[in-house]
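Remarks on the overall topology
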Amino acid sequence: MTTTPITIIGGGLAGCEAAWQIARRGGQVRLYDMKPHRFSPAHHSPDLAELVCSNSLRSDDRNSGVGLLKEEMRRLDSLLMAVAEETRVPAGKALAVDRAQFAAAVTARIEGQPNITIDRNEITTLPEPTTTPLIMATGPLTSDPLAAALAELTGAKHLAFYDAIAPIVTADSLDRTVIYQASRYDDGPGDYLNCPMDREQYLTFITALAAGAKVPLKDFEEPRYFEGCLPVEVMLARGDDTLRFGPMKPVGLPDPRTGRDPYAVVQLRMENREGTTYNLVGFQTKLTYQAQTEVFRLIPGLERAEFARLGSIHRNTFVCGPLVLEPTLQCKMRPDLLLAGQLTGVEGYVESTAMGLLAGINGFRLATGLAPVTPPPETALGSLIVHLTSSDPKHFQPSNINFGLFPPINLKMPKKNRGAYRAEQALLALENWRRTAAL
Ligand SMILES: Cc1cc2nc3c(=O)[nH]c(=O)nc-3n(C[C@H](O)[C@H](O)[C@H](O)COP(=O)(O)OP(=O)(O)OC[C@H]3O[C@@H](n4cnc5c(N)ncnc54)[C@H](O)[C@@H]3O)c2cc1C
């Protein structure tokens, strides 16, 4: 057993879970957090594991993606899931917690764990590699000097400071009698699905888009967008036809039913290899979730669209997982360094904690000479890893957990049974993995 402590930078959700996973296996941890000397613009409490916004950890139904992820984490003895249960408040089918009690209880458990030492200091450079692994879990608002050090390691192009997420729809909710397959100026079958609009449909759509409610920016979020991924409503504000010369450009995409290019087109790109989900190309947005479902269902062919994920844009530090991460969460450039939490390219409290749990397991294994492990793709944990490491790096954006990330299943199965089927398969695969890897 190693006696050199494993360093964890960041005592947020992922850092605390990672520390716990190492300590409960008998490993030593030194956990750094810059609070209370320095606070990110969203953190206010001196406690560790602060939930910076909502108090909800979302659905607790294990037949949903996020409910299943929580169940898998409970089975892997997650500290944060246990504390969430102890501090839960009534919220219907969701798991919501008293935020102050939650952070205080996690802090007390971490402070009371004899294998963990807490050091309240900002880390401004990446410690030099040693034989003991290092875990970085400094989150979406990683302090500037450390973010710069990570950018230097990964290559500046592979570290982002804003996410720009376009909605994703499920393939089986698309109306294929309206939508046609084609790539621009391509005679072949084409890689994109195209939703054609005539002039009237376009005008109705842009009117609704302009009127749709927007999520207000936080004080520390400057509206400094990259020209290449402007929110769709910001593009529209530049002129009624801007979208027709941008993401909705119809040229070179004749509709096979008319033989002519439509007036405007919304393109859908396959989001996963199995083709069970599609991304609305160029439709990153700050519209509220409700406005998105209303406005995007005006697009021909998407009238009954089911959204696997809705669009958003936030301040968020994250790596381009497919180019930076191994499926064990080790950095390709530096295998002693594991990333955890939202830095990896997952989105949300539960997903970030889950990536702390896996980094903790693997940090301990590497420190003790065991091979690091990767959860099976049928599990919620494993499907997040597939997203982080096997997505197309050119279009990589953070994701929360959803069934669109899982391997495909027989789509003839009635929809209402699919969640339960996936949950059953996932939990079997998880138990099998736990047994084989002796977790
Ligand atoms: C404004 C905002 C609102 C959000 N709202 C929600 C929401 O409602 N629901 C949801 O599911 N997700 C939400 N998220 C996402 C959520 O914050 C993350 O999913 C989650 O907290 C990330 O966990 P983490 O452990 O990776 O990082 P954090 O929980 O942010 O923890 C990072 C820790 O690292 C510390 N740190 C940073 N830099 C350094 C350094 N250089 N040295 C030492 N310590 C450092 C910080 O003090 C912090 O304690 C929100 C994010 C933001 C920014």
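Here is what the cut-offs are and how they apply
- Residues numbered from 1 in each chain as written.
- Predicted model: local features only at pLDDT ≥ 70, side-chain atom pairs only at ≥ 80, totals over all residues.
- Pairing = 2+ DSSP bridges.
- Helix = DSSP H or I, 4+ residues; strand = E, 2+ residues; numbered from the N terminus.
- Near = placed C-beta within 6 Å.
- Nonpolar A, V, L, I, M, F, W, Y, C, P; charged D, E, K, R; others polar.
- Expected span 1.5 Å × (residues − 1).
- Buried ≥ 20, exposed ≤ 12 C-beta atoms within 10 Å, placed from the backbone.
- Contact = placed C-beta atoms within 7 Å.
- Arc of directions from axis to C-beta.
- Domains from an automatic or database assignment.
- Core = buried A, V, L, I, M, F, W, Y, C linked by C-beta atoms within 7 Å.

All right, on to the sheet that holds strand E13 (residues 277-280) then. Strand order in the open sheet formed by 6 strands is E10-E11-E12-E13-E9-E14, with antiparallel pairing between adjacent strands. Strand pairing shows two members of the sheet lacking a second neighbour, strand E10 (180-181) and strand E14 (307-309), which therefore form its edges. Pairing of strand E9 (residues 168-170) with E13 involves 3 bridges; the strand directions are antiparallel. Pairing of Val169 across the sheet is with Tyr278, part of E13.

The next thing to look at is the site of the ligand. Around the ligand, 33 residues are found, and the nearest of them are Gly10, Gly12, Cys53, Gly139 and Gly341. Of all the secondary-structure elements, those providing two or more residues to the shell around the ligand are helix H1 (13-24) and helix H10 (349-367). Among the elements that take part in the shell around the ligand, H1 stands out by supplying 3 residues, more than any other. A breakdown of the residues in the shell around the ligand according to their chemical character gives 14 nonpolar, 15 polar and 4 charged.

Moving on, we get to helix H12 (residues 415-437). With 23 residues, H12 extends 33 Å between its outermost C-alpha atoms, agreeing within 8% with the 33 Å of an ideal straight helix rising 1.5 Å per residue. For H12, the complete set of buried residues consists of Arg422, Ala423, Ala426, Leu430 and Trp433. Looking at the packing, one finds that the buried side of H12 touches helix H2 (65-75) and helix H11 (380-390). The positive-phi residue at the C-terminal boundary of H12 is Ala438, with phi of around 50°.

Once that is clear, we can look at helix H8 (residues 289-296). Among all positions in H8, only Ala291, Gln292, Val295 and Phe296 are buried. Buried positions in H8, seen along its axis, are confined to an arc of 110° and lie on one side of it.

That bond from Lys35 to Pro36 is cis: its omega, 0°, falls within 30 degrees of zero. Here Pro36 shows up in the loop between strand E2 (29-32) and strand E3 (56-59). Look at Ala49: it is not a glycine, yet its phi comes out positive at around 50°. Considering the arrangement of structural elements, one finds Ala49 in the loop between E2 and E3. The phi torsion at Arg58 lies on the positive side, around 65°, for a residue other than glycine.

One can read the domain layout of the protein as domain 1 (6-163 + 315-437) and domain 2 (168-310). Summarising the inter-unit geometry, the C-alpha centres of domain 1 and domain 2 are found 31 Å apart. At the junction of the two partners, domain 1 supplies 10 residues and domain 2 supplies 13 residues. Residues that form the side of domain 1 that touches domain 2 fall into these classes: 5 nonpolar, 4 polar and 1 charged.

Attention now moves to the sheet that holds E3. With antiparallel pairing, the 3 strands of this open sheet are ordered in space as E3-E5-E4. Strand pairing shows two members of the sheet lacking a second neighbour, E3 and strand E4 (88-89), which therefore form its edges. Across 2 bridges, E4 lies against strand E5 (residues 94-97) in antiparallel orientation. Within E5, the residue paired with Arg88 across the bridge is Val97.

This part takes up the nonpolar core. Core analysis: the largest hydrophobic core is formed by 82 residues, its most contacted members being Ile8, Cys16, Ala19, Val106 and Ala340. No other element matches H10, which puts 11 residues into this core. Ala19 has contacts with Ile8, Val29, Leu31, Ile110, Ile116 and Gly360, leaving out every residue within four places of it along the chain. Residues Ala171, Tyr192, Val266 and Val295 belong to the second largest nonpolar core, which totals 41 residues.

Counting buried positions along strand E12 (residues 264-270) yields 5 of 7 residues, so the element is predominantly enclosed. In the sheet, strand E11 (residues 193-197) pairs with E12 via 5 bridges, with the strands oriented antiparallel. When the sheet's bridge partners are listed, Pro196 is paired in E12 with Val265. Examined bridge by bridge, E12 and E13 share 3 bridges and lie antiparallel to one another. When the bridges of E13 are listed, Met270 appears paired with Tyr278. In this structure, the hairpin formed by E12 and E13 is closed by a connection of 6 residues, where Gly275 is found at a positive phi of approximately 75°.

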